[in-house]
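The lines below spell out each chain.
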Amino acid sequence: MIKKPLILLVLLFGTMLIAQEKNPKFSFDFDNVSLTEALNIIESDTNVLFYYDENWLSGATISGSFVNKPLSEILTSILEETNINFFRLSDDKIILTQNSIVYDSLPEGFFGKEQTDSIEERTDIKVYSNPVFSNIEATKANTVTRTVRIGKENVSDNRTTFKISGYATTVEQNQPIPDLSIVLNGKSTGTATNTEGYYELEVPAGTSIIKTSSLGIEPSTTRVIVFNDGELNFQLNESVEFLDEVIVEADASKNVEEAISGSTELVVEETKNIPLVLGERDVLKVAATLPGISTAGEGAAGFNVRGGSTDQNLMLLDNAVIYNPSHFFGIFQALNPFTTKDVKILKGGIPAEYGGRLSSVFDITSKDANTEKIAGEAAIGPVTSNVALEIPVIKGKSGLLVGGRGTYSGWILRSLEEESLQNSEASFYDAIAKYTHKFNEKNTVKAMGYYSNDAFSITSDSIYGYNNRLFSLQWDHQFNEKNTGSLVLANSNYKFNIAYEGNSDNNFDLGFVVDETEAKFKFTYLYSKAHKFDYGLSAKLYNVQPGNFEPKGSNSIVTPINIPKEKALEGAVYLSDNFTVNDKLLIDAGIRYSVFAALGSTEARIYEENMPKNEETLVETVSYDNNEIVETYGGPEIRLSARYFLGPDFSVKASFNSTYQYIHRLSNTTTISPIDTWKLSDNNIKPQMGRQVGLGFYKNLEGNLYELSLEGYYKESDNLLDFKVGSDLLLNETIETETLQGDGQAYGLEFLIRKNYGKLNGWLGYTYSRSFLKLDSEFAEERVNNGDFFPTNYDKPHDFSAVLNYKLTKRFSLSANLVYQTGRPVTYPVARYNFNNSEYVVYSNRNEFRIPDYYRLDLGFNIEGNHKLKKFAHSFWNISIYNVLGRNNPYSVFFATENGELKAYQSSIFSIPVPTITYNFKF
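Residues numbered from 1 in each chain as written. Predicted model: local features only at pLDDT ≥ 70, side-chain atom pairs only at ≥ 80, totals over all residues. Heavy atoms only, no water.

Draft legend 1. Spatial organisation of the environment of Asp-853. Note on placement: Asp-853 falls in the loop between β53 (849-850) and β54 (854-864). A relative accessible area of 31% means that Asp-853 is categorised as partly exposed. As a C-alpha pair, Asp-853 and Asn-889 span 36 residues in sequence and 7.7 Å in three-dimensional space. Apart from residues no more than four positions distant in its own chain, Asp-853 is found in contact with Tyr-820, Gln-821, Thr-822, Gly-823, Arg-887 and Asn-889. A distance of 2.6 Å separates a polar atom in the side chain of Asp-853 from a polar atom in the side chain of Tyr-820. (Helix = DSSP H or I, 4+ residues; strand = E, 2+ residues; numbered from the N terminus. Buried < 20%, exposed > 50% of the residue type's maximum accessible area, 1.4 Å probe, protein only. Contact = heavy atoms within 4.5 Å. Polar contact = N/O pair within 3.5 Å; in protein donor to acceptor, adjacent residues only side chain to side chain.)

Draft legend 2. Highlighting helix α2 (residues 35-45). Regarding α2, the residues found buried are Leu-35, Thr-36, Ala-38, Leu-39 and Ile-42. In a view along the axis of α2, the buried residues occupy a sector of 160 degrees, so they form one face of it. (Arc of directions from axis to C-beta.)

Draft legend 3. Inspection of the sheet that holds strand β11 (residues 206-214) at higher detail. Strand order in this open sheet of five strands is β6-β12-β11-β8-β9, and the pairing throughout is mixed. The outermost strands of the open sheet, each flanked by one partner alone, are β6 (146-150) and β9 (190-192). On average, adjacent strands in this sheet sit at an angle of 25 degrees to one another, irrespective of strand direction. Examined bridge by bridge, β6 and strand β12 (residues 217-226) share five bridges and lie parallel to one another. Bridge assignment links Ile-150 to a residue of β12, and that residue is Val-226. (Pairing = 2+ DSSP bridges. Axes fitted to C-alpha atoms, helices over the stretch in contact; angles between N-to-C directions.)

Draft legend 4. Structural view of the pattern of salt bridges. Taken as a whole and judged by the stated rule, the model has 29 salt bridges. In this structure, Lys-434 engages Asp-318 in a salt bridge whose closest nitrogen and oxygen atoms are separated by 3.9 Å. Within this pair, whereas Lys-434 is found in strand β28 (residues 425-440), its partner Asp-318 is found in the loop between β19 (313-317) and β20 (320-321), the two being separated by 116 residues in sequence. Across this residue pair, the class does not change: Lys-434 and Asp-318 are buried. Within the structure, one salt-bridge network assembled from shared partners comprises Arg-306, Lys-347, Glu-711 and Glu-750. (Salt bridge = Lys/Arg side-chain N within 4 Å of Asp/Glu carboxyl O.)

Right, here's the structure in full:
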């Protein structure tokens, strides 16, 4: 007879055997095999069959070792990094599902009201998870371009909203798309991509429609089925490839919506139709046609922005300062148009991130290389040729952009029969390389190197040259969904030299160098929907070689001169808040605190206080050791901008800026010269300071077809640098004895009307502006114009420009560029007198007269190649005539005495029509 305890033990052991048989354990070792292969191995070693669509598993690989593990645990592990869930239909059948979960029972309380809402939402997911049904629905709607499933459903996750993120890039060039509007259809929820094309958006669980839009980019509509957090990238087509010729780029309503006033973005690709001298695509010349931005004259380098001098503009190329962005006296820009992406110009409300200049910021960004396929662009013109290549290094992750351009003008000059030009030289070239590497969704590194060089000879015995050398390294990192940051390292070097080889006894080399190295940390914190904080700090080290004069050759008897080096350290911290007060009011408020320290080793000259600086008033010379602080300056800089909606597409903006500038350009010419030098502030030369207020109205019409803006400004400046008559700036160790510092005043009104698309598009711009300077002192030698305000060299009250394009067909278009400007001020001789048998000339007050007004009309005819998609390259011809009317516009006026008479002469550049044919091709 079997006892009851023994029966119970047998039953328990049998139950355990049955349980083990129903839940067997397996061992597998996967070494970088595809997910499909791993499932096949499991099927062959077990009696289980899997049911799935192979397209769901493409690209997934598995590595891992499993020893005596249940099959459910093994599947959970190998499917963890995928969007695949599994459901065991029976002991030998397992169904794989994409994103969603198959439920075999209803949740508790299913028929309750609260639970009903939840199930309705889940039912919405299940209906659209059927790919066939989704395609039918998309066809019916005729608007949805694709259906995307995002995330992996988790039964324990009770969230009703999830976060999606990703990047927006162009299909053709794989370039980031900044300021792309991304909105949920029928909702007020939306966002926009940053400068790297990155975005984050919170969406409800289930099915949503996402629409994207941006000027110059084809709109898209995407159905998303959201199961969890995930990634959604956009690859969008450019709508400007074959030209809707909107030259000035902006987000559809950015001009009305953003708080910053006086900002403009130029996209280089969209400037190719504007007729410019010698067929060169020049985004900086296009910038000069916008209200508030002008140049001193034909072929002048540098810009005068809102009544400021040319040295008051911060020119950045990928975060590195470029001191002279021009070739050949300003006739050509020193930027390759095929490697330059866009230029952001800030002349009103300047964000707290930027500092060091009084008037404006030109933030120039180069392209990121295509990481998918080799691409390129090239052009052949009458004087220059350009080329750019984009080379993928690691597909989808990294790419190299290289570009170069140069001129053959020197060869042309030497080929002419004119004997005086046989020994002439006029050549330039520039080269750029940029490497971009995207390590993952949170880390991207970019490195850029740039070099430009100019060499020209005015006489047969002298060669002038100057060059720019830039380097920048940027690491972008996303800490979490609210915090992003960038580390930037940049170095800029600018130098010029004059080599004289006329007489072996007097041959010499003269040179100047300015070098700066900067480190910046920039951060963005999305505190809430109402507050976005930008903050950071920077440090910059200046090294300036003011001039050296060396003998050239062994026979030269020139006495060497070396002006002592200058060194300084500039630092800043900043914080700003983009604050959405309500639906109508947006405020961008920031503060920047900058400090500047002039450093040794040097010898500082101390002069009598409140006396003219000269040898008679010199008190002492103080020596400072290396890195010892000589003088410090600094203070807070306020940056405040606000926008208020007067209507859905009508806003008013106001701004106030205060700025410091610690470096000065030394030049006694009106425009930038290749032999200009730069001077750091020290114990004798104070930094420039400026304050600007602005008020503007912005209006869009007919669905952003037309943009109108009217903005006024008033600006005051302190310690503006000017020079005494007949000053000697080169190789002058006591430069402070040649300089004067005074007060500036500028004001103006800017008007712009722009048509963004259609057969006829372009813009009309008008600026009324005045710019004055006051140099007052109790000493006559430091007083100009009796101490009253007088017009600056670049004061031009009226400035009108029209840039128009008319599209005849999809391939042919006409372009026109019309410019009118008031002549700039000059000082004329007004009388002569004799004293002690010597003749003297009496001049007018400073800048009392003006040279004749400037106007010019350019015309162009543009021919696109055929638009077949499967072509190796797409071509573009530009036939243009610069200065069609042959206007002899004066660049400068000068006076000379001939046969006892004082005569006036004017110099001009391009005083006749200049025809050009340029061929471009892009692949």
